[in-house]
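One letter stands for each residue in the lines below.
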Amino acid sequence: MLDYDEQLRLKKRIVEKAYRHFSQLPPELIPAIQDTIGSPLQYGYRTKLTPHFDGPQGWRKTKQPFEKCPPIGFMPRGKRNTMDIEDCPIGTDVVRLGMKRERERMAVEYGKYTRGATILLRESTKRIPKKQADDSLSPKEATKENSPLSPEDAVIRVETDEYTDLKTCVTDNNGTSTEYVGPYVFHNPAGSFFQNNNSILPVFTDYIRQQVVTPTSPETPKPLPPVKYLIDAYSGSGLFTITLSPLLPGGSVGIDISNASIDYASRNALANNLPPERARFIAADARNLFTPELRSTYPADETVVVLDPPRKGCDADFLRQLLQFAPRRVIYVSCNVHTQARDVGVLVRGETAGSGLDGADEKKGGMDVETTGGKKTRYAIESLRGFDFFPQTGHVEGVAVLNRID
């Protein structure tokens, strides 16, 4: 494998090339890309794996079960067949244990399957403060709901000075996983999205916290009120809404299209002792996000918007709404720096025309986007950098910080 420092240098170049080729911005508007922040763990970091196996040959017609255990693993790039993977060293210890046990189960139960399937392996943590350790649940009780494995095989104990973590591997898509990010706890549907490298999340969320407040400058034409509100678009189960809430006295709102995610986000706010006035959540399509009610509750001059969209990035309707709302500050997080660069280019130019986004045509307002005051909104890029959520792979998480140009 590549030396880790070289991996970080290569990932910095990935971000540089993405903004050079996909932002459609002149070089002078793109600041120097900062060094990629490395992962504390380069192996044993991934808290979720989804190996799979293909169906028996001709299964659509025959409906016959397997005659032997199929290869279980992942598809090599450019191939359509599954490579058998006995172990995956980027997985956490308990995820690797879960993979081993699922392979052993399949070696016995393969005859029950007439088609292919994906196997969920998701780490879940029960944290017990040391002062409660003597009275804590036994491993059997701790794994009763989350794992079908026998207790002696299912639990990995991780000891620190302050607490004991009981790690289990959830294999039920309808189950619940729990993980901790610094002092915060998050419960999620086991099969849903949550950042899969827990080791870097405290560093990452601390960096995002540092970017929330707009830096003061003597060149600012007129003083603006401090940032007091957060709108967390694509909020999922509330990672940013919750971890940023102490910085925002006016309150935070998380919006996601998934009702299940919103239910868990509200549950997570309660688990972290946050009342609704500090962190609330709304189920809505991001394309219909900036309603009149939201605009009146969250003044644009006092609001930061955090974006963490799926790999495809934002669509033209959402970006137009964002430009019309014109929040003071935007923090854009993405697992795909190429679509991020495209979208950031839209915000810097203040128009969706020519971006290549669906619906970004002139009939739908693809040219200049104006605020309700009739002024075109544009942003300046304050900083760009990558975070290595995925060591030993070619992927990098991008963070772009933008300020509205006044």
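Here's a quick rundown of the structure.

What counts, and where the lines are drawn
- For every chain, the first residue of the written sequence is number 1, and numbering continues from 1 along that sequence.
- With the structure being a predicted model, the display of local features is reserved for residues of pLDDT at least 70 and the display and counting of side-chain atom pairs for 80 or more, all residues being used for whole-chain, interface and lining totals.
- Excluding hydrogens and water, the side-chain figures rest on all heavy atoms present in the structure.
- Per the convention used, a helix needs a DSSP run of H or I reaching at least four residues, while a strand needs a run of E reaching at least two, with both numbered from the N terminus.
- Whether two residues are in contact is decided by their heavy atoms, any of which lying within 4.5 Å being enough.
- Per-residue and other accessible areas were derived by the Shrake-Rupley procedure at a 1.4 Å probe size, with only the shown protein chains allowed to occlude residues.
- When DSSP finds two or more bridges between two strands, those strands count as paired.
- For every element, the axis is a line fit to its C-alpha atoms; helices are fit only across the contacting stretch, and the angle between N-to-C directions ranges from 0 to 180 degrees.
- Crossing handedness follows the turn of the near helix against the far one: under a right angle anticlockwise gives a left-handed crossing, and clockwise gives a right-handed one.
- Under the convention adopted here, Pro, Cys and the residues Ala, Val, Leu, Ile, Met, Phe, Trp and Tyr are nonpolar, Asp, Glu, Lys and Arg are charged, and Gly plus all remaining residues are polar.
- When a carboxyl oxygen of Asp or Glu lies within 4 Å of a side-chain nitrogen of Lys or Arg, that pair is called a salt bridge.
- Take the residue count of a helix, subtract one, and multiply by 1.5 Å to get its expected span.
- Buried means the residue's accessible area, taken with a 1.4 Å probe over protein chains only, is under 20% of the maximum for its type, while exposed means over 50%, and partly exposed covers the values in between.
- Our arc is simply the arc of the directions from the helix axis toward the C-beta atoms.
- By convention a nonpolar core is built from buried Ala, Val, Leu, Ile, Met, Phe, Trp, Tyr and Cys residues, the set being connected through side-chain atoms within 4.5 Å.
- Orientation is classified from the angle alone, with under 35 degrees giving roughly parallel, over 145 giving roughly antiparallel, 65 to 115 giving roughly perpendicular, and any other angle giving oblique.
- The pairing test for Phe, Tyr and Trp rings, Trp by its six-membered ring, is centres within 6.5 Å, and the orientation test on the planes gives stacked under 30 degrees, edge-to-face over 60, and tilted for anything in between.

### Details of the overall build of the protein chain
Scanning the protein chain from terminus to terminus reveals 11 helices and 18 strands. Look at the contacts in the protein chain between residues 6 or more apart in sequence, and 70% of them connect residues 24 or more apart. As displayed, the protein chain offers around 19900 Å² of accessible surface, 51% of which is attributable to carbon and sulfur atoms.

### Concerning unusual backbone geometry
Comment: phi is negative for the bulk of residues other than glycine, and the bulk of peptide bonds are trans. Of note in this structure, A326 is not a glycine but carries a positive phi near 60°. When you line up the elements, A326 lands in the loop between helix 10 (316-325) and strand 16 (329-334). The phi dihedral of Q392 is positive, around 70°, even though this residue is not glycine. Note on placement: Q392 falls in the loop between strand 17 (379-387) and strand 18 (397-404).

### Focus on the sheet that holds strand 15 (residues 303-307)
Ordered in space as 1-17-18-16-15-12-13-14, the 8 strands form an open sheet in which the pairing is mixed. The sheet terminates laterally at strand 1 (34-37) and strand 14 (279-283), the two strands that pair on one side only. On average, adjacent strands in this sheet sit at an angle of 20° to one another, irrespective of strand direction. Judged from the 5 bridges that link them, strand 12 (residues 229-233) and strand 13 (residues 251-256) form a sheet pairing that is parallel. Along strand 13, the bridge assignment pairs I231 with V253. Contacts between helix 1 (residues 4-22) and the sheet are confined to strand 1, strand 17 and strand 18, with strand 1 contributing the most and set at about 125° to the helix. Contacts from helix 6 (residues 201-212) reach strand 1, strand 15, strand 16, strand 17 and strand 18, with the element oriented near 160° to strand 16.

### Some remarks on the packing of helix 10 against helix 11 (residues 337-349)
As a packed pair, helix 10 and helix 11 sit with axes 10 Å apart at the nearest point and diverge in direction by 35°. In the crossing of helix 10 with helix 11, the sense of the turn from one axis to the other is right-handed. Residue-level inspection shows L319, L322 and L323 of helix 10 in contact with helix 11, the latter providing D343, V346 and L347. Partitioning the contact of helix 10 with helix 11 into residue classes produces 5 nonpolar, no polar and 1 charged.

### Some thoughts on the pattern of salt bridges
Using the criterion set out here, one finds 22 salt bridges in the structure. R96 serves as the salt-bridge partner of D87, at 2.5 Å between the closest nitrogen and oxygen. One salt-bridge network, held together by shared partners, links E6, R9 and R13.

### Side note on helix 6
Side chains three or four residues apart in an α-helix point the same way, a direct result of the helix having 3.6 residues per turn. Look at helix 6: 17 Å from first C-alpha to last across 12 residues, which is about the 16 Å you get at 1.5 Å a residue. Along helix 6, the residues classified as buried are L201, F204, T205, Y207, I208, Q211 and V212. For helix 6, the angular spread of the buried residues around the axis is 155°, confining them to a single face.

### Notes on the nonpolar core
Membership of the largest hydrophobic core comes to 47 residues, with the highest contact counts inside it found for F204, I208, F240, L244, I331 and V399. If one sorts the elements of this core by residue count, helix 6 sits on top with 5 residues. Setting aside chain neighbours within four positions, we find I208 in contact with F240, L244, I331, V333 and V399. Judged by nonpolar contacts, the second largest core, of 39 residues, contains V330, V337, L347 and V396.

### As for helix 10
Among the 10 residues that make up helix 10, 8 are buried, leaving the element largely enclosed by the rest of the structure. Among the residues making up helix 10, those that are buried are A316, F318, L319, R320, Q321, L322, L323 and F325. Where the residues of helix 10 are buried, they touch strand 12, helix 9 (292-297), strand 15, strand 16, helix 11 and strand 17. A326 sits one or two positions beyond helix 10 and adopts a positive phi of about 60°.

### Let's talk about the packing of helix 1 against helix 11
Put simply, helix 1 and helix 11 touch, their axes get as near as 8 Å, and they point 45° apart. Classified by the interaxial angle, the pair formed by helix 1 and helix 11 is oblique. The crossing of helix 1 and helix 11 is right-handed. Note on element contacts: helix 11 touches helix 1 through V337, H338, Q340, A341, R342 and V344, opposite I14, V15, A18, Y19 and F22. A breakdown of the residues in the contact of helix 1 with helix 11 according to their chemical character gives 8 nonpolar, 2 polar and 1 charged.

### Description of the pairing of strand 9 (residues 163-170)
By the criterion of burial, strand 9 is predominantly enclosed, with 7 of the 8 residues buried. Here strand 8 (residues 156-159) pairs with strand 9 via 4 bridges, running antiparallel. Residue pairing in the sheet places I156 in a bridge with K167 of strand 9.

### Some points on the sheet that holds strand 9
Read from one edge to the other, the open sheet built from 4 strands follows the order 2-7-9-8, with strand pairing classed as antiparallel. At either end of the open sheet lies a strand with only one pairing partner, and these are strand 2 (48-49) and strand 8. Of the strands in this sheet, strand 2, strand 7 (121-129), strand 8 and strand 9 are in contact with helix 3 (residues 93-109), which crosses strand 7 at around 130°.

### Here we look at the environment of I30
Tracing the sequence through the fold places I30 in the loop between helix 1 and strand 1. Measuring from C-alpha to C-alpha, the distance between I30 and I381 comes to 6.8 Å, with 351 residues separating the pair along the chain.

### A look at the packing of aromatic side chains
Inspection of the entire model under this criterion finds 12 aromatic pairs. Relative to Y298, the ring of Y229 has its centre 5.5 Å away and its plane inclined at 85°; by these criteria the two rings are edge-to-face. Note that Y229 is positioned in strand 12 and Y298 in the loop between helix 9 and strand 15, a separation of 69 residues in sequence. With a relative accessible area of 14%, Y229 lands in the buried category. Ring geometry for F290 against F325: centres 5.0 Å apart, planes inclined by 20°, an arrangement best described as stacked. Within this pair, whereas F290 is found in the loop between strand 14 and helix 9, its partner F325 is found in helix 10, the two being separated by 35 residues in sequence. Residue F325 is classed as buried on the basis of its relative accessible area, which comes to 6%. In textbook terms, an aromatic cluster arises when at least three aromatic residues are bridged by ring pairs, as seen for F204, Y207, F240, F387, F389 and F390.

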